[in-house]
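Structural description and commentary
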Amino acid sequence: ANVGSRVTGRITEVYVKEGDQVRQGSKLATISSVELSNAQSNYLKSKVRLEALRIQAQRANELFEKKIISSREFEIANMEYKTVKTEMETSYSTLEIFGLTKAEIQALESGSQKQQILTIRSPINGTVTDRKAVNGQSVNIEENLFVVADLRRLWILLDVYEKDLYSVKIGAEATVTTLGDKPETVKAHVAHVSEVIDQIKHTAEIRLEVDNAESKLKPGQTISAKVQGLISGSKSRKIMVVPSEAVHKIEGKTIVFAANLDGTFEALEVITGEAIDDD
């Protein structure tokens, strides 16, 4: 979620930093805004006027029933009430669009909510992955002040060669391994197979989904993955592999050396298949 202000103003306080865990509705920052103050004043004024006109319209209704006032006077009183009622409802909607909650609007009506101050809240549960908000900063509605991301479930994007693409099925299992001195391994599954093939690389993108509740993976990280279907279409089917470094080119032939029981080695000519990582 990209989170910004819905009104122009100036940041008065920032409550979070990058890496903080937030809940939906958590305070991220507060903004002082003249635009918001004007909208709040319009709402309060229309609410006061509406109450006065409601009493006036009710009185006009009673007088009209007793035939003390004309139908024109009765209609004018009711029209004024309906007009201001529409104005108040519009002002209320404006405050909601600006980001005020129903509780904050009620507090504004009672006088316990400070005018001119807008609280920016997180729209989702997640982690603050980016913060551009600074105390005293002027803001407008085009700016993104925070990025909040739910990192409990991630997408992993893989490039697969065109010739291998059709062996990958939705729902296929995958083993994902991180790079580095202390690699982490997690299970994922194929959620999407692209319909578009890159004309230059002759690859297509497949998307894995992975449960990241333990935070083993981080956005932007480079990983390797073994996907069922790319390696073997069946768990009962065996594939013979050797380390890539065991394959040698000698006099135009592809050779591997097999160890004999007596400690000697025998050179065997082989035809190599696909490479899977370092095998």
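Scoring rules and cut-offs
- Residues numbered from 1 in each chain as written.
- Predicted model: local features only at pLDDT ≥ 70, side-chain atom pairs only at ≥ 80, totals over all residues.
- Heavy atoms only, no water.
- Helix = DSSP H or I, 4+ residues; strand = E, 2+ residues; numbered from the N terminus.
- Rg over C-alpha atoms; globule rule 2.2 N^0.38 Å.
- Buried < 20%, exposed > 50% of the residue type's maximum accessible area, 1.4 Å probe, protein only.
- Contact = heavy atoms within 4.5 Å.
- Areas by Shrake-Rupley, 256 points an atom, 1.4 Å probe, with all protein chains shown as cover.
- Pairing = 2+ DSSP bridges.
- Axes fitted to C-alpha atoms, helices over the stretch in contact; angles between N-to-C directions.
- pLDDT = per-residue confidence, 0-100.
- Arc of directions from axis to C-beta.

**What about the overall build of the chain?**
- Looking only at helices and strands, the chain features 4 helices and 16 strands.
- Rg of the C-alpha trace for the chain: 34 Å, well past the compact-globule value of 19 Å for 279 residues, more than 25% over.
- Here the chain, with 279 residues, has 30% of them falling under the buried criterion.
- Residue pairs in contact within the chain that sit at least 24 positions apart in sequence constitute 65% of those at least 6 positions apart.
- Summing over all exposed atoms, the chain offers an accessible surface of approximately 18500 Å²; the carbon and sulfur share of this is 51%.

**Here's the deal with the sheet that holds strand S14 (residues 248-250)**
- Taken in spatial order, the 3 strands of this open sheet run S14-S15-S16, and their pairing is antiparallel. The open sheet has two edge strands, S14 and strand S16 (265-269), and neither has a second partner. Between one strand axis and the next, the sheet turns through 45° on average, direction left out of account.
- The sheet contact formed by S14 and strand S15 (residues 253-259) spans 3 bridges and is antiparallel. Bridge pairing in S15 links His248 to Ile255.

**So, the side chain of Gln40**
- Relative to the helices and strands, Gln40 is located in helix H1 (residues 34-65).
- The buried category is assigned to Gln40, whose relative accessible area is 0%.
- If near-sequence neighbours (up to four positions away) are discounted, Gln40 is found in contact with Leu95, Leu100, Leu108, Lys114, Gln115 and Gln116.

**Concerning the confidence of the model for the chain**
- In the predicted model, the chain carries a mean pLDDT of 88, and 96% of its residues have values of at least 70.
- Confidence, expressed as mean pLDDT per element, reaches its minimum in the chain at helix H4 (residues 162-165) with 80 and its maximum at strand S8 (residues 146-149) with 96.

**Looking at helix H3 (residues 102-110)**
- Three or more residues of H3 are buried, namely Glu104, Ile105, Ala107 and Leu108. On an axial view of H3, the arc spanned by its buried residues comes to 160°, and they lie on one face. Within H3, the exposed residues directed more than 90 degrees away from the buried face are Lys102, Ala103, Gln106 and Ser110.
- Residues of H3 that are buried in the fold lie against H1, helix H2 (71-98) and strand S5 (117-121).
- Just downstream of H3 lies Gly111, where phi reads positive at about 90°.

**Some points on the sheet that holds strand S13 (residues 223-227)**
- Ordered by their spatial adjacency, 5 strands build an open sheet running S9-S12-S11-S10-S13, and the pairing between neighbours is antiparallel. Only two strands of the sheet have a single partner each, and these edge strands are strand S9 (153-161) and S13. Averaged over all pairs of adjacent strands, the angle between their axes in this sheet comes to 40°, without regard to strand direction.
- Of the strand pairs in this sheet, strand S10 (residues 173-178) and S13 are connected by 5 bridges, and their pairing is antiparallel. Of the residues in S13, the one forming a bridge with Thr177 is Ser224.

**Overview of the environment of Val196**
- Along the chain, Val196 turns up in strand S11 (residues 185-197).
- Along the backbone, Val196 and Phe257 are 61 residues apart, and their C-alpha atoms lie at a distance of 42 Å.

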